[in-house]
Amino acid sequence: MASDTGPRTNQAGLPSANPTSSYWLREPNTLLLGHRSTPDLPEEADIVIIGSGITGAFAARSLLQDYSCNKKVVMLEAREACGGATGRNGGHCQPLVYGTNPAVAAFELETFSFLERLVRDENIDCDWIALSGGVHAFMSTPLFQTAVAQIDSLTKSHPFLASQLEVILPTNPSKLARLRAPNCHGAIIQKTAASLWPYKLIAHILTSLLPNPNFNLQTNTPVLSLSPSPSSPGKHQILTPRGTLTTPKVLLATNGYTSHLLPFFSDLIVPVRGQISAIVPPSPVQTLTHSYLFAADPEKGQHAPRDDYLVQRPVLTPDSGGEMIYGGGRRLALRLGLGQYNDDELELKVAHYLRSNLSPPLDLGGKDEELPATYEWTGVMGYSRDSNAWVGEVPSHRGIWVCAGYTGHGMPSAALSARAVAAQMLGLPESGQGHARLPEEFKITEERINRARQGAKLEDCGGWEGAYFSGPADGE
């Protein structure tokens, strides 16, 4: 059995009662707002899903729709539906094709394709826009050279993945200028990327499940504790302010908050607070055809790299719309955001940075002044100690499944991860209907837990995203 030796210093608490106002949550779905399928909390359920973001929603969909299981499924949400990380992210879906394990890259590409088909086939109104690609603009030469070396290796070992990438060298300034990144030291274009309104995608999934008599959604019902049932051997007792619920199977779709209910994971999935602003672009509003990642080695006196990201909302008129959803600045945040599980406050230094640092590196037509923001908010991510998501039943906690720890990369990973964990809970094969198998790197085993705990702690390496380009990934 894996030893429970992880420190508790990064253990999460409950989600904040009064979080910052997210751009994506400004138009709540009226069917979901304050929704409780039954006035009282059920006393028993076959399966309980804790969390109503992208993981919880797709797990419930897989259980009740894809697999048509005849089981009572209760979903508990501490706040309003999809009020956590999915409703607070950057509105961007882009698989990470390099700097990661090739099997994980292929899985993310498959998840992206799955979401794109789903939005098209079900005509989901979530502002899904297929972009011309994602531009990774490198603001320092060493980091760019490392990334290029990884792609050279990928070209030899996994040519299909490499075909999804285009390297723009600094010797091609005209191409960098056309990408609106003339100040960077080189760029890489990932050909698969989209922007979307994430809350509206999940609202569609959840509202489509509400008529199912086996689905019971209980919002504003925080889970205070999860423990073995004293009266029903083999079952779990879930304590909430509204009562107690007993079930044999629990799915923690709680990402950065996982360790609140499972302290065993405190050193494996660490809450990390990120900050995002909806920036008003200068007039006339110019349309960006790509999304952007701005990456750089740590600056003098800093320990973390630059890792900022940007997508644009649709332009409505030459003088309206087109907000720049700009996130990052974490290297300026308290403790780099590590261990911060409250999303009820802004860090003023980070907010100022986000309003002031779009140009440069992004060419905004010479407008370099601080730009106004219509919304500024924070959200809590779940960073994995070994960079990969944790998906599966916890070996030392039978009947408890986890699907979390996406390290800021849940949009292109969570939907099919949730489908796989739903299959596990039903004892079914994890793949099917044309979907890729869950990467071995995601699966929870005692061996993986012990191996991860032998590696560096997140607080010792400045968070994981700086390691995306730090060297060849395992398996390449």
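Quick note: structure is the one above.
Below is a summary of the structure that appears in this document. (Residues numbered from 1 in each chain as written. Predicted model: local features only at pLDDT ≥ 70, side-chain atom pairs only at ≥ 80, totals over all residues. Heavy atoms only, no water.)

### With respect to helix α1 (residues 54–66)
Here's step 1: Over its 13 residues, α1 runs only 16 Å from end to end, short of the ideal 18 Å by more than 12%, given 1.5 Å per residue.
Here's step 2: Of all 13 residues in α1, 11 are buried, a share of seventy percent or more.
Here's step 3: Among the residues making up α1, those that are buried are Ile54, Thr55, Gly56, Ala57, Phe58, Ala59, Ala60, Arg61, Ser62, Leu63 and Leu64.
Here's step 4: Remark: Ser68 follows α1 within two positions and exhibits a positive phi of approximately 50°. (Helix = DSSP H or I, 4+ residues; strand = E, 2+ residues; numbered from the N terminus. Expected span 1.5 Å × (residues − 1). Buried < 20%, exposed > 50% of the residue type's maximum accessible area, 1.4 Å probe, protein only.)

### Remarks on the packing of helix α2 (residues 102–121) against helix α9 (residues 414–426)
The description of two packed helices rests on the angle between their axes and on the distance between the axes.
Here's step 1: Contact pair α2 / α9: the axes reach a minimum separation of 8 Å and the direction vectors enclose 95°. In this view, α2 runs roughly perpendicular relative to α9, as classed from their interaxial angle. Residues Phe107, Glu110, Thr111, Phe114 and Leu115 of α2 pack against Ala415, Leu416 and Ser417 of α9.
Here's step 2: Here the residues of the contact of α2 with α9 are counted per class, giving five nonpolar, two polar and one charged. (Axes fitted to C-alpha atoms, helices over the stretch in contact; angles between N-to-C directions. Parallel < 35°, antiparallel > 145°, perpendicular 65-115°, else oblique. Contact = heavy atoms within 4.5 Å. Nonpolar A, V, L, I, M, F, W, Y, C, P; charged D, E, K, R; others polar.)

### Looking at α9
Here's step 1: With 13 residues, α9 extends 18 Å between its outermost C-alpha atoms, agreeing within 8% with the 18 Å of an ideal straight helix rising 1.5 Å per residue.
Here's step 2: In terms of residue burial, α9 counts as a mostly covered element, since 12 of its 13 residues are buried.
Here's step 3: For α9, the set of buried residues is Ala414, Ala415, Leu416, Ser417, Ala418, Arg419, Ala420, Val421, Ala422, Ala423, Gln424 and Met425.
Here's step 4: If you follow the buried residues of α9, they end up packed against β1 (47–50), α1, α2, β13 (249–252), β21 (390–393) and β22 (400–404).

### Looking at the sheet that holds strand β14 (residues 269–279)
Here's step 1: The eight strands are arranged β6-β7-β5-β15-β16-β19-β14-β20 in an open sheet whose pairing can be described as mixed. Strand pairing shows two members of the sheet lacking a second neighbour, β6 (165–168) and β20 (373–384), which therefore form its edges. Going across the sheet, the axis of each strand differs from the next one's by a mean of 20°, ignoring polarity.
Here's step 2: In the sheet, strand β5 (residues 134–138) pairs with strand β7 (residues 187–190) via four bridges, with the strands oriented antiparallel. The residue of β7 that forms the bridge with Val135 is Ile189. (Pairing = 2+ DSSP bridges.)

### Quick word on the packing of α1 against α9
Here's step 1: Here α1 crosses α9 at 50°, and the two axes come no closer than 8 Å. Relative to α9, α1 is oriented oblique. Of the two elements, α1 crosses α9, and the hand of that crossing is right-handed. Contacts from Ile54, Thr55, Phe58, Ala59, Ser62, Leu63 and Asp66 of α1 reach α9 at Ala414, Ala415, Ala418, Arg419, Ala422 and Leu426.
Here's step 2: When grouped by side-chain class, the residues that make up the contact of α1 with α9 number nine nonpolar, two polar and two charged. (Left-handed = near helix turned anticlockwise from the far one by under 90°.)

### Considering the pairing of β7
Here's step 1: Residues Ala187 and Ile189 line one face of β7 and the alternating positions Ile188 and Gln190 line the opposite face, and both faces are buried.
Here's step 2: Pairing analysis gives four bridges linking β6 to β7, with the strands arranged antiparallel. Note that in β7 the partner of Val167 across the bridge is Ile188.

### Here's the deal with unusual backbone geometry
Here's step 1: Following Ser283, the chain continues into Pro284 via a peptide bond in cis, with omega recorded as -5°.
Here's step 2: Along the chain, the position of Pro284 falls in the loop between β14 and β15 (291–296).

### Side note on the sheet that holds β1
Note: strands within a sheet are paired through backbone hydrogen bonds, in either parallel or antiparallel orientation.
Here's step 1: Across the sheet, six strands lie side by side as β9-β2-β1-β13-β22-β21; this open sheet has mixed pairing. Each of the sheet's edge strands pairs with one partner strand only, and the pair in question is β9 (215–218) and β21. Sheet twist, expressed as the average angle between the axes of neighbouring strands with direction ignored, equals 15°.
Here's step 2: The pairing of β13 with β22 spans three bridges and is parallel. Residue pairing across strands places Val250 opposite Ile400, the latter belonging to β22.

### Section: the environment of Glu27
Here's step 1: Tracing the backbone through its elements, the reader meets Glu27 in the segment before β1.
Here's step 2: Among the residues examined, Glu27 registers a relative accessible area of 39% and is labelled partly exposed.
Here's step 3: Taking the C-alpha atoms as reference points, Glu27 and Tyr199, 172 residues apart in sequence, are found 9.1 Å from one another.
Here's step 4: For Glu27, the contacting residues outside a window of four places in its chain are Trp197, Tyr199 and Lys200.
Here's step 5: Within the structure, the side chain of Glu27 is placed 3.3 Å from the side chain of Lys200, a separation counted as a polar contact. (Polar contact = N/O pair within 3.5 Å; in protein donor to acceptor, adjacent residues only side chain to side chain.)

### Side note on the side chain of Gln340
Here's step 1: You can see Gln340 is positioned in the loop between β19 (324–327) and α8 (348–356).
Here's step 2: The buried category is assigned to Gln340, whose relative accessible area is 12%.
Here's step 3: Leaving out residues up to four positions away in the same chain, Gln340 has contacts with Pro271, Val272, Arg273, Leu334, Arg335 and Val380.

### Notes on the nonpolar core
Here's step 1: Ile49, Phe58, Trp128 and Phe215 are the most contacted members of the largest nonpolar core, which has 66 residues in total.
Here's step 2: Counting residues per element, this core draws most heavily on α9, at nine residues.
Here's step 3: When sequence neighbours within four positions are dropped, the list of residues in contact with Ile49 reads Gly56, Ala59, Ala60, Leu63, Val73, Val74, Met75, Leu76, Leu251 and Ala253. (Core = buried A, V, L, I, M, F, W, Y, C linked by side-chain atoms within 4.5 Å.)

### A look at the packing of aromatic side chains
Aromatic ring pairs are described here by two measures, namely the spacing of the ring centres and the angle between the planes.
Here's step 1: A full pass over the atoms with the stated rule returns 12 aromatic pairs.
Here's step 2: Between Phe138 and Phe144, the aromatic rings sit 5.6 Å apart at their centres with planes inclined by 55°, giving tilted as the arrangement.
Here's step 3: Members of the aromatic cluster, each reached through a chain of ring pairs, are Tyr23, Trp24, Trp197 and Tyr375.
Here's step 4: Sitting over the ring of Tyr23, Arg26 keeps its end group 4.2 Å from the ring centre.
Here's step 5: The ring of Trp390 is capped by Arg448, whose NZ or CZ atom sits 3.5 Å from the centre of that ring. (Phe/Tyr/Trp six-rings, centres within 6.5 Å; stacked < 30°, edge-to-face > 60°. Lys NZ or Arg CZ within 6 Å of the ring centre and 35° of its normal.)

### Quick notes on a negative patch on the surface
Here's step 1: A contiguous patch of negative charge, built from Asp40, Glu43, Glu44 and Asp46, is present on the exposed surface.
Here's step 2: According to the relative accessible area criterion, Asp40 is exposed, its value standing at 60%. (Patch = residues over 30% accessible without salt bridge, like charges linked within 9 Å, V, L, I, M, F, W, Y side chains within 5 Å. Areas by Shrake-Rupley, 256 points an atom, 1.4 Å probe, with all protein chains shown as cover. Salt bridge = Lys/Arg side-chain N within 4 Å of Asp/Glu carboxyl O. Lys, Arg positive; Asp, Glu negative; His and termini not counted. Charge placed at Lys NZ, Arg CZ, Asp CG, Glu CD.)

### Quick notes on the environment of Pro318
Here's step 1: In this fold, Pro318 is placed in the loop between β17 (315–317) and β18 (320–321).
Here's step 2: Look past the residues within four positions of Pro318 in its chain and what remains in contact with it is Ser283, Pro284 and Val285.

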